[in-house]
Amino acid sequence: MNFEFEHLGTPTPFELSEGEHLLGGGADDQVRLDGLPPGLLTLRIGEGRLMVEARHPFTVEGVLVPPGVPRLVLPGEVVGLSEDMSLRVRGPARGTERQVGTVAVLKHLLVDLDAPLLSRAASLQCLTGAEMGRTFALAEAVTELGRGQGAAVRLRDRAVSRSHARIRYEEGTFFLEDQDSPNGVFLNGQRVDASPALQEGDIIELGRTLLRFQAPVAEPPEPPPPALEPTPEPPASTALENDARERPQGRWEPWLLGLGTALALVGLLATWALAA
């Protein structure tokens, strides 16, 4: 799997094979980075996915992960090691048959869903715990999260209450609510007291389970109706012909009327002369 270690803004790429690797500043660490505690992180790489576990709290994408909790880290995510050190996951190593990308990895992890991940409905992706890799669609106005059988998002986690939390959809926005659970609900590392609105990529923590919120895919706007092309003006000759066709039949033109009048006068004069 490909990684990129960054220290003070300077990136250094490296690659790790499948298996378990210790990352830290100790002499026994397979990935030794000076300035870090010994055995800071345990990296488990297998079947195109990366699990990270630490003895001390660490961050993924700026969100705190408790110690001892395995965390699925997706390609493109950044693991915070210290204030000036970070580790970015680039994806599976070259030569692997798996595609590089979040969608490809999560597709491989799904156990109960055969539908494609991209959906017009919002969803929760489980990043840790017994349900790791599963995706739960948020298609109802209210979605219950908990350990009980009636929960739409059922989590097999002893630290999760039977009715732990719920997600409420209202006027195009999803809100997270704590159901007075003993262990509480955390959003991006902060305990939920009110009903915060969820944003794309937010991390929800219930017990020892982490869930990532994915907003619904917006429907593409309807294309505008095609503009009507103006009717071209006909040529002058064609316009005269059409005008002539449109005139009523039997209508005298002015010059024909004048000619008829003149002939009538000539006839009257000839008759008068013969009579005289």
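Residues numbered from 1 in each chain as written. Predicted model: local features only at pLDDT ≥ 70, side-chain atom pairs only at ≥ 80, totals over all residues. Heavy atoms only, no water.

Undergrad: Would you mind going over unusual backbone geometry with me for this structure?
TA: Backbone phi values are negative for most residues with the exception of glycine, while trans is the configuration of most peptide bonds. For Glu-61, which is not glycine, the phi torsion reads 55° and is therefore positive. Along the chain, the position of Glu-61 falls in the loop between β7 (58-60) and β8 (63-65). A residue is classified by how much of its surface remains accessible, and Glu-61, at 46% relative accessible area, is partly exposed. At Asn-188, a residue that is not glycine, the phi angle is positive and equals roughly 55°. Residue position: Asn-188 is located in the loop between β18 (185-187) and β19 (190-191). On the basis of relative accessibility, which here comes to 31%, the residue Asn-188 falls in the partly exposed class. (Helix = DSSP H or I, 4+ residues; strand = E, 2+ residues; numbered from the N terminus. Buried < 20%, exposed > 50% of the residue type's maximum accessible area, 1.4 Å probe, protein only.)

Undergrad: Would you mind showing me how to read the pattern of salt bridges here?
TA: Applying the stated rule across the entire model yields 11 salt bridges. Its salt-bridge partner being Glu-170, residue Arg-168 comes within 2.3 Å of it at the nearest N-O pair. Relative accessible area serves as the criterion here: at 38%, Glu-170 is assigned to the partly exposed category. For Glu-177, the salt bridge goes to Arg-168, with nearest N and O atoms at 2.7 Å. Each of the salt bridges in this network shares a partner with another, and the network as a whole consists of Arg-166, Arg-168, Glu-170 and Glu-177. (Salt bridge = Lys/Arg side-chain N within 4 Å of Asp/Glu carboxyl O.)

Undergrad: What exactly am I supposed to notice about the packing of aromatic side chains here?
TA: How two aromatic rings sit relative to each other is set out by the distance from centre to centre and by the angle between their planes. This structure, assessed with the given rule, holds 3 aromatic pairs. Taking the centre distance of 4.7 Å and the plane angle of 50° together, the rings of Tyr-169 and Phe-174 count as tilted. A ring pair is formed by Phe-174 and Phe-213, whose centres lie 5.6 Å apart and whose planes are at 55°; its orientation type is tilted. Residue Phe-174 is located in strand β17 (residues 173-178), and its partner Phe-213 is located in strand β21 (residues 209-214); the two are separated by 39 residues in the primary sequence. Residue Phe-174 shares its accessibility class with Phe-213, and that shared class is buried. Taken together, the ring pairs in this structure connect Tyr-169, Phe-174 and Phe-213 into an aromatic cluster. (Phe/Tyr/Trp six-rings, centres within 6.5 Å; stacked < 30°, edge-to-face > 60°.)

Undergrad: Help me understand the side chain of His-164, please; the structure alone is not making it clear to me.
TA: Positionally, His-164 belongs in the loop between β15 (153-154) and β16 (165-170). Classification of His-164 as buried rests on a relative accessible area of 0%. A distance of 2.8 Å separates the side chain of His-164 from the backbone oxygen of Gly-184, its partner in a polar contact. Apart from the residues within four sequence positions on either side, His-164 is in contact with Leu-145, Gly-146, Ala-159, Asp-178, Gln-179, Ser-181, Asn-183, Gly-184, Val-185, Leu-206 and Gly-207. (Polar contact = N/O pair within 3.5 Å; in protein donor to acceptor, adjacent residues only side chain to side chain. Contact = heavy atoms within 4.5 Å.)

Just geometry here; none of it tells us what the structure is for.
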